Amino acid sequence: MSSNYLDIIRPGINTTFQDKGRDHLYHIGIPFSGAMDNRNYLIANKLVNNNLDSAVIEFAYQGPHIKYSGEKINFAVTGDVIFSIKKKDTEIKGKCYISYQIENGDEINIISTNKSVYGYLALGGELDLKFQWNSCSINTKANIGSNDGKKLDIGQRINLKKINSNKDIKKTNYINTKIENIRVIKGTNFDYFSEEGKKIFYEKEFIVSKLSDRMGMRLEGPKIENIVNTNIKSEGLIKGVIQVPADGNPIIMLSDHGTIGGYPKIGVVASVDYDRLVQMSPGSKIKFKEINLSDAETLFKLYEMETQNLLSQI
Amino acid sequence: MIKNISNLGDAALYCDFGNEVNKSINSEVIKYFKTIKEKKFEGINNLTPSYNKLIISYDLKKTNFKEVKKFIENINIEDSKKTNSKKLEIPVCCHENFSMDIKRLEKILKLSREKILENFLNKEYFCYMTGFIAGMPFLGDLDENMRAQRLETPRVKVPKGSVALTEQFANIYTFESPGGWNILGNTPLDIFDSSKEDKPNLINPGDIVIFKEISLDQYKNYNE
């Protein structure tokens, strides 16, 4: 029986354990999964002195309300998140990007993500979770990963295997930036679409639909007309691929996507913009901007350097 | 042979083997897939073989399009490469409890239930690829007169084990999932088992599958 644990008073809407994800499994139909917003995942772990590939609690929109039991431990929340910390009779408003210390009986109440989708809660220690294919990431569709591949539920208890001895309080001044344009690279079926359709894709605004989740982001807006074939022979997908089915509304593949798809690919989101794309909540406006491969590679390199720089300063 | 290599976004190679769907092209894809997988090139994190394409995705922090392309262009694919394919018998029950789309198939194919089953059962199918959902095999080819389109409106929930048809292919829903294929029966076998990490898929690309009919009683007693 572990003496350090969390009790879930309220699970939130879509709360899962996530880590770096799992690779080398597309060919059997298992997607990458892992934390949606990789930069915020890494920062959360660094703020509590964890290894950068440790498991965290990912939540979307409304987060979990948790009661902690055990010896002193640090925690941190990243993203654009509203939360509070309850200690005995006082409740304080929490701030993202700073670690806090909690002790036996304290509660963390993650109320919501603010005009964004995903937030991360990292605890300074090691959660006692089942690993499948070197990852504890929960894939609720295939029921793979920790927690029997299911979302966190009310009344659940999560044990900690170990607590970090380094309990230094850390902080960073990171601010989540929003981008108006999502940069994309031309897809392999770009020429399936009419001249008008291509123009619409790059010039018009699309709205993120409510039917978006860890698998995909559906967009609404002007229809993109296909003039060749609304189906292709099924072939592999990767995250960021923008497929346009017969109804003309684009769908962007996200981290839990099906590994094979049969709709034409009009574009692929540049890796540099993925973390910010997944944070666009339903109702947000999206505009696509075309870039070429070499610019996409350079931009990602700069983004990655910035991430490493941020982490090294924590 | 790969006819063309292009980029799919900034973190994947799109290897095109042509537009036709047949066993010989697909066997080429599988040969490439197996050879590349064994070479363990630093940075490649996924390979997705399909009918006539191979997508190679990589970690942009470790490598890039130019490096992976060069590696693929210079790879030596051995013709003698063993595919290790298996022949598998899959029990399927086509009782009315399971064959949800038999009436639709009778109408579209203009064939009786008996004829449809006769055409479908006891024949060898080739596994072209697995995926979409974990472990789902795409098996072909159905006879010309057995080819039906997807449902106009896909089902929100297709039961686990459903054996279903679309165009020249049959597949098996490895767990409950949305789907639009024509359901002909159900297998009591576990086609995907995530507890077997080294071999979660019963059926793999290159394997041969034969469907054998079982009765409802045999179905019910199968896992006992």
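Residues numbered from 1 in each chain as written. Chains lettered and ligands numbered in written order. Predicted model: local features only at pLDDT ≥ 70, side-chain atom pairs only at ≥ 80, totals over all residues. Heavy atoms only, no water.

Concerning the overall build of chain B
Regarding its fold elements, chain B presents 5 helices and 13 strands. Taken over the C-alpha trace, chain B has a radius of gyration of 19 Å; the compact-globule value for 224 residues is 17 Å, and the two agree within 12%. For the C-alpha atoms alone, the extent of chain B along its principal axes is close to 55 × 40 × 35 Å. Within the span of chain B, comprising 224 residues, buried residues form 57% of the whole. Partitioning the contacts of chain B with sequence separation of at least 6, the portion at a separation of at least 24 is 64%. Looking at chain B as shown, the accessible area adds up to about 10600 Å², and 46% of this sits on carbon and sulfur atoms. (Helix = DSSP H or I, 4+ residues; strand = E, 2+ residues; numbered from the N terminus. Rg over C-alpha atoms; globule rule 2.2 N^0.38 Å. Buried < 20%, exposed > 50% of the residue type's maximum accessible area, 1.4 Å probe, protein only. Contact = heavy atoms within 4.5 Å. Areas by Shrake-Rupley, 256 points an atom, 1.4 Å probe, with all protein chains shown as cover.)

Let's talk about the sheet that holds strand 18 (residues 251-253) of chain A
All names here are of chain A. In spatial order, the strands read 13-20-17-18-15-14-21; together these 7 strands close into a barrel with mixed pairing. The mean inter-strand angle of the sheet, taken between neighbouring strand axes irrespective of direction, is 40°. With 4 bridges joining them, strand 13 (residues 181-186) and strand 21 (residues 285-290) adopt parallel strand pairing. When the bridges of strand 21 are listed, V184 appears paired with E290. Sheet contacts for helix 2 (residues 195-203): strand 13, strand 14 (206-208), strand 17 (241-243), strand 20 (265-269) and strand 21; angle to strand 21, the most-contacted strand, approximately 115°. (Pairing = 2+ DSSP bridges. Axes fitted to C-alpha atoms, helices over the stretch in contact; angles between N-to-C directions.)

Concerning the state of the cysteines
Residue and element names in this part refer to chain B. Applying the stated criterion across every chain yields a total of 0 disulfides over all chains. C15 forms no disulfide, and the closest cysteine sulfur to it belongs to C127, at a distance of 20 Å. According to the relative accessible area criterion, C15 is buried, its value standing at 0%. (Disulfide = S-S within 2.5 Å.)

Quick word on the packing of aromatic side chains
Applying the stated criterion across every chain, the model contains 21 aromatic pairs over all chains. Seen in terms of ring centroids, A:F201 and A:F288 are 4.8 Å apart; in terms of plane orientation they differ by 20°. Their pairing is stacked. Residue A:F201 is located in helix 2, and its partner A:F288 is located in strand 21; the two are separated by 87 residues in the primary sequence. By relative accessible area, which is 2% here, A:F288 ends up buried. An aromatic cluster is defined as three or more aromatic residues linked by ring pairs; in this entry it consists of B:Y51, B:F126, B:Y128, B:F138, B:F169 and B:W181. We note A:K141 situated over the ring of B:F132; from NZ or CZ to the ring centre the distance is 4.9 Å. Of note, A:K239 hangs over the ring of A:Y274, and the distance from its end group to the ring centre comes to 4.3 Å. (Phe/Tyr/Trp six-rings, centres within 6.5 Å; stacked < 30°, edge-to-face > 60°. Lys NZ or Arg CZ within 6 Å of the ring centre and 35° of its normal.)

With respect to the pattern of salt bridges
Going through the model one piece at a time under the given rule, you end up with 24 salt bridges over all chains. A salt bridge links A:K198 to A:E195; its shortest N-O distance comes to 3.2 Å. Of this pair, A:K198 and A:E195 both sit in helix 2, 3 residues apart, roughly one helical turn. Between B:K123 and B:D143 there is a salt bridge, and its shortest N-O distance comes to 2.8 Å. Taken as a pair, B:K123 in the loop between helix 4 (113-120) and strand 6 (124-130) and B:D143 in the loop between strand 7 (137-140) and strand 8 (155-158) lie far apart in primary sequence, 20 residues in all. The class of B:K123 is partly exposed, set by a relative accessible area of 29%. Sharing partners across several salt bridges, the network here consists of A:E58, A:R214 and A:D256. (Salt bridge = Lys/Arg side-chain N within 4 Å of Asp/Glu carboxyl O.)

Regarding the environment of B:D198
Among the structural elements, B:D198 can be located in the loop between strand 12 (182-186) and strand 13 (208-213). With 82 residues separating them along the chain, B:D198 and B:I116 place their C-alpha atoms 36 Å apart.

Examining the nonpolar core
Residues A:F75, A:F83, A:L277 and A:F288 are the most contacted members of the largest nonpolar core, which totals 75 residues. Residues in contact with A:F288, not counting those within four places in the same chain, are A:I182, A:V184, A:F201, A:Y202, A:F206, A:L219, A:I242 and A:I252. Of all hydrophobic cores here, the second largest spans 27 residues; its members include B:I102, B:L111, B:L139 and B:I203. (Core = buried A, V, L, I, M, F, W, Y, C linked by side-chain atoms within 4.5 Å.)

A closer look at the side chain of A:N139
All names here are of chain A. Of note, N139 is situated in the loop between strand 11 (125-127) and strand 12 (157-163). The buried category is assigned to N139, whose relative accessible area is 3%. Side-chain polar atoms of N139 contact the backbone nitrogen of K141, separated by 3.0 Å. Setting aside chain neighbours within four positions, we find N139 in contact with P31, S33, I144, G149 and D256. (Polar contact = N/O pair within 3.5 Å; in protein donor to acceptor, adjacent residues only side chain to side chain.)

Notes on helix 2 (residues 65-73) of chain B
Those residues of helix 2 of chain B lying buried are B:F65, B:V68, B:F71 and B:I72. The arc that holds every buried residue of helix 2 of chain B, seen down its axis, measures 135°, which confines them to one face. Residues B:K66 and B:K70 are exposed on helix 2 of chain B and point more than 90 degrees away from its buried face. Where helix 2 of chain B is buried, its residues contact helix 4 (293-312) of chain A together with strand 1 (4-7), strand 2 (12-16), helix 1 (23-39), strand 3 (44-49) and strand 4 (53-58) of chain B. Where helix 2 of chain B begins, the side chain of B:N64 points an oxygen toward the backbone nitrogen of B:K66, at a separation of 3.2 Å. (Arc of directions from axis to C-beta.)

Describing the confidence of the model for chain B
Residues at a pLDDT of 70 or more form 98% of chain B, whose mean pLDDT is 94. Across the interface, the model reports ipTM at 0.94; the global pTM reads 0.94. (pLDDT = per-residue confidence, 0-100.)

Regarding the interface of chain B and chain A
With 46 residues of chain B in contact, the opposing surface of chain A contributes 36 residues. The junction of chain B with chain A conceals about 3400 Å² of combined surface from both sides, 60% of it contributed by carbon and sulfur atoms. Our count for the chain B to chain A interface comes out at 0 salt bridges. Linking chain B to chain A there are 14 residue pairs in polar contact (both at pLDDT 80 or more). The dominant element in the side of chain B that touches chain A, judged by the number of residues it contributes, is strand 3 of chain B, at 6 residues. (Buried area = accessible area lost by both parts, 1.4 Å probe.)

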